[in-house]
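Read off the chains here:
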Amino acid sequence: MSTQDTDAHPRFAEALRELGLEVPVRRFPDATRTAAEAAAAIGCDVSEIVKSLIFEADGVPVLVLMDGSSRVDVERVRQELGAGSVKRANADLVRETTGYAIGGVPPFGHATRTRVLADRGLLDHDVVWAAAGTPHTVFPLDPKTLIAHAGGSLVDVRERTA
């Protein structure tokens, strides 16, 4: 076990090993459950945080990767998927689908394979930070690599600001 894995959630550390990814996992004494908390702890802009959010599209879990300063437009997700209805998943479904609790869900290394939508806005940054499986851990990665490992389709699903 290399030192880089010690702070990551064991399942996520295993996913990193399987992908051959060497990323520095940073642990913080205080939880970084929200994008704002994570950005403050890291010292980056909140838009450089990747939120890994589980939604239910016609009862089927879907992962949406969104930058920390934007909100997901559920209607745009519904249109993208051609679904009848889309809603935020509850905590039980998030844990069942990903194997992680809300606030620590990483963009990949999940318990199940789900459809992944990655908002195009993530590509605005050279490096983004995402949860490493716990509310206390994050890791940096370039967004193209992160989206590729998550198996994400690039889409525009952020709420447009008025």
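First things first, this report covers the structure right here in the doc. Keep in mind that what you see is a predicted model, and the values were worked out from it rather than measured. Per-chain numbering applies: the sequence of each chain, read as written, is numbered from 1 onward. Totals for whole chains, interfaces and linings use every residue, but because this is a predicted model, local features are given only for residues with pLDDT of at least 70 and side-chain atom pairs only at 80 or more, for both listing and counting. As a rule here, side-chain values come from all non-hydrogen atoms in the structure, and water together with hydrogens is ignored.

What follows is about the pairing of strand 2 (residues 49-57). Here the term buried applies to any residue with accessible area under 20% of the maximum for its type, exposed to any over 50%, and partly exposed to those in between, with areas from a 1.4 Å probe on protein chains only. Under the scheme used here, helices are H or I runs from DSSP no shorter than 4 residues and strands are E runs no shorter than 2 residues, and both carry numbers assigned from the N terminus. Counting buried residues along strand 2, eight of its nine residues qualify, which places the element largely inside the surrounding structure. The turn joining strand 2 and strand 3 (residues 60-67), which pair antiparallel and follow one another in sequence, is formed by two residues; a positive phi near 50° is taken by Asp58. When DSSP finds two or more bridges between a pair of strands, those strands are recorded as paired. Bridge analysis of strand 2 against strand 4 (residues 86-88) gives three bridges, and the strand direction is antiparallel. Pairing of Phe55 across the sheet is with Arg88, part of strand 4.

Each nonpolar core is a collection of buried residues, namely Ala, Val, Leu, Ile, Met, Phe, Trp, Tyr and Cys, held together in the definition by side-chain atoms within 4.5 Å. Judged by nonpolar contacts, the single largest core of 28 residues is most densely connected at Phe12, Leu65, Phe108, Phe139 and Leu146. Of all the elements in the fold, those that place two or more residues in this core are helix 1 (10-19), strand 2, strand 3, helix 4 (91-98), strand 5 (115-119), strand 6 (128-131), strand 7 (137-141) and helix 5 (143-150). With residues up to four places along the chain from it excluded, the contact list for Phe139 reads Phe12, Val23, Pro24, Val25, Pro107, Phe108, Val128, Trp129, Ala130, Ala131, Ala132 and Leu146. Counting 14 residues, the second largest nonpolar core, distinct from the first, contains Ala57, Ala83, Leu117 and Val157. In what follows, a contact means two residues having at least one pair of non-hydrogen atoms within 4.5 Å.

As a further point, take helix 5. Among the residues of helix 5, those classed as buried are Pro143, Leu146, Ile147 and Ala150. All buried residues of helix 5 project into a common sector of 95° when viewed along the axis, lining one side. The exposed residues of helix 5 that point more than 90 degrees off its buried face are Lys144 and Ala148. Buried positions along helix 5 lie against strand 2, strand 3, strand 5, strand 6, strand 7 and strand 8 (153-155). Gly151 lies just past helix 5 and shows a positive phi near 70°. Within this analysis, the arc is defined by the directions that extend from the helix axis to the C-beta atoms.

Secondary-structure assignment places Ile102 in the loop between helix 4 and strand 5. When its relative accessible area of 48% is taken as the criterion, Ile102 is described as partly exposed. Separated by 69 residues in the primary sequence, Ile102 and Arg33 place their C-alpha atoms 7.7 Å from one another.

Summarising burial for strand 7: five of the five residues are buried, a large majority. Neither face of strand 7 is exposed, since Thr137, Phe139 and Leu141 on one face and Val138 and Pro140 on the opposite face are all buried. Inspection of the sheet shows strand 1 (residues 26-27) paired to strand 7 by two bridges, in the antiparallel sense. The partner of Arg26 across the bridge, within strand 7, is Val138. One ladder, built from four bridges, connects strand 6 with strand 7; its direction is antiparallel.

So, on to the pattern of salt bridges. What makes a salt bridge here is a side-chain nitrogen of Lys or Arg within 4 Å of a carboxyl oxygen of Asp or Glu, nothing more. One pass over the full model with this rule turns up six salt bridges. For the salt bridge of Arg158 with Asp67, the shortest nitrogen-to-oxygen distance reads 3.7 Å. Pair noted here: Arg158 is in the segment after strand 8 and Asp67 is in strand 3, with a separation of 91 residues, a long-range link. For Arg158, a relative accessible area of 26% corresponds to the partly exposed category. With a closest N to O distance of 3.1 Å, Asp119 and Arg158 form a salt bridge. Remark: Arg158 occurs in the segment after strand 8 and Asp119 occurs in strand 5; sequence separation between them is 39 residues. A relative accessible area of 1% places Asp119 in the buried class.

Turning our attention to helix 4. Turning to helix 4, its buried residues are Leu93, Val94, Thr97 and Thr98. The buried residues of helix 4 all sit within an arc of 105° when viewed along its axis, so they share a single face. Projecting away from the buried face of helix 4 at angles above 90 degrees are the exposed residues Asp92 and Glu96. Buried-residue contacts for helix 4 involve helix 1, strand 2 and strand 3. One or two residues past the end of helix 4 sits Gly99, with phi positive at roughly 90°.

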